[in-house]
Amino acid sequence: MIWKRRRWSDVLRRVALCTGLIAGQVISMAAWAVPPLKTADVPTAGPGVVEVFAGAQYQDTGAIERELPFVELVYGLNAWQEITIEAPYLIVSEPGEPTRSGVGDAVVGTKILLAPLDPGRLGAAVSFELKLANGDRARGLGSGAEKLDIRLRLERQWAWFTGIWNLGYTFVGEPEVAGERQARDDVLFGAFAQEYRVAEETSLLSEVFAETSEEPAGPRRLAANVGFKHDIGPGWQAHAAIGKSLRAGNEGGPRLRIYIGVKYETPL
């Protein structure tokens, strides 16, 4: 564990520095956002294109967590790479505890296109996302340690149907409480999402995803979401999703997840 902690703390710091230098070029344009599903797609934003998401999320995992709002900005560096910046504002409620609110852990990342998404052909991309430890862990607004997520994304279109597959691995840092390191496990993530185009402007969405727990001996998660996205004007899209755990008794969570928001896309 000591070898793992020292090695990955060095890696996380270097990734944070490199990603931060890139993100610093566009952070002044940050806007509020979150995509509707957990499964991530393949296409990049495109050269000089900014994608802004504005939305809110409600999630019940025993504690009630609201993201009002969530920040995400996507910027296309070129035809094959984009960078992202995310930062949530959290409102957390637990039975018998006072409600807490404040900025949660921010995320900086990049996605690199490996194979373009053409009709009838498999598109591929890889993403790297670093979750920082800026949220207040003592108040339940942050994890207290960095996390580095590496994810392979695959996508293919067949006429009105699109399938998206994700396989990810998250290296989880160990938070420190009262001078002692708290054990954490790395997380394996897998997802399969489906998009059904039912009209020129409208698609229905669904997904199933699974992930292991970062808490040692914690329950694994198997959950699903359904939703839609609808083009409402040039550069504008509305989207929403609702979902829950597929395990008996909602083991692994969440009991309920609701997201609703909009997306705006424009050349810079």
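Please refer to the structure placed before this passage.
Residues numbered from 1 in each chain as written. Predicted model: local features only at pLDDT ≥ 70, side-chain atom pairs only at ≥ 80, totals over all residues. Heavy atoms only, no water.

A. The arrangement of the nonpolar core in detail. In this structure, Val50, Val52, Leu73, Tyr75, Ile83 and Ile85 together form the largest nonpolar core, which totals six residues. Listed by contribution, the elements that provide at least two residues to this core are strand S1 (49-60), strand S2 (64-76) and strand S3 (81-93). By size, the runner-up hydrophobic cluster in this structure holds five residues, among which are Leu37, Ala193, Leu205 and Ala241. (Core = buried A, V, L, I, M, F, W, Y, C linked by side-chain atoms within 4.5 Å. Buried < 20%, exposed > 50% of the residue type's maximum accessible area, 1.4 Å probe, protein only. Helix = DSSP H or I, 4+ residues; strand = E, 2+ residues; numbered from the N terminus.)

B. Expanded view of the side chain of arginine 257. Residue position: arginine 257 is located in strand S15 (residues 256-267). The side chain of arginine 257 sits in the buried core without any salt bridge; glutamate 207 is the nearest counter-charge, 5.0 Å away. A distance of 2.7 Å separates polar atoms of two side chains, one belonging to arginine 257 and the other to glutamine 57. A polar side-chain atom of arginine 257 sits 3.4 Å from a polar atom in the side chain of asparagine 225. What arginine 257 contacts, discounting residues up to four positions off in sequence, is Pro35, Pro36, Lys38, Gln57, Tyr58, Gln59, Asn225, Ala241, Ile242 and Gly243. (Lys, Arg positive; Asp, Glu negative; His and termini not counted. Salt bridge = Lys/Arg side-chain N within 4 Å of Asp/Glu carboxyl O. Polar contact = N/O pair within 3.5 Å; in protein donor to acceptor, adjacent residues only side chain to side chain. Contact = heavy atoms within 4.5 Å.)

C. How the structure looks around the pattern of salt bridges. Inspection of every chain in the model, using the stated rule, returns 13 salt bridges. A salt bridge links lysine 263 to glutamate 51; the nearest nitrogen and oxygen atoms lie 3.8 Å apart. In this pair, lysine 263 is assigned in strand S15 and glutamate 51 in strand S1, connecting sequence segments 212 residues apart. Comparing lysine 263 with glutamate 51 shows no difference in burial state: the two are buried. Across the pair aspartate 149 and arginine 151 runs a salt bridge whose closest N-O atoms are separated by 3.7 Å. With a relative accessible area of 10%, aspartate 149 lands in the buried category. Residues joined by salt bridges that share partners form a network here, namely Lys147, Arg184, Glu214 and Glu215.

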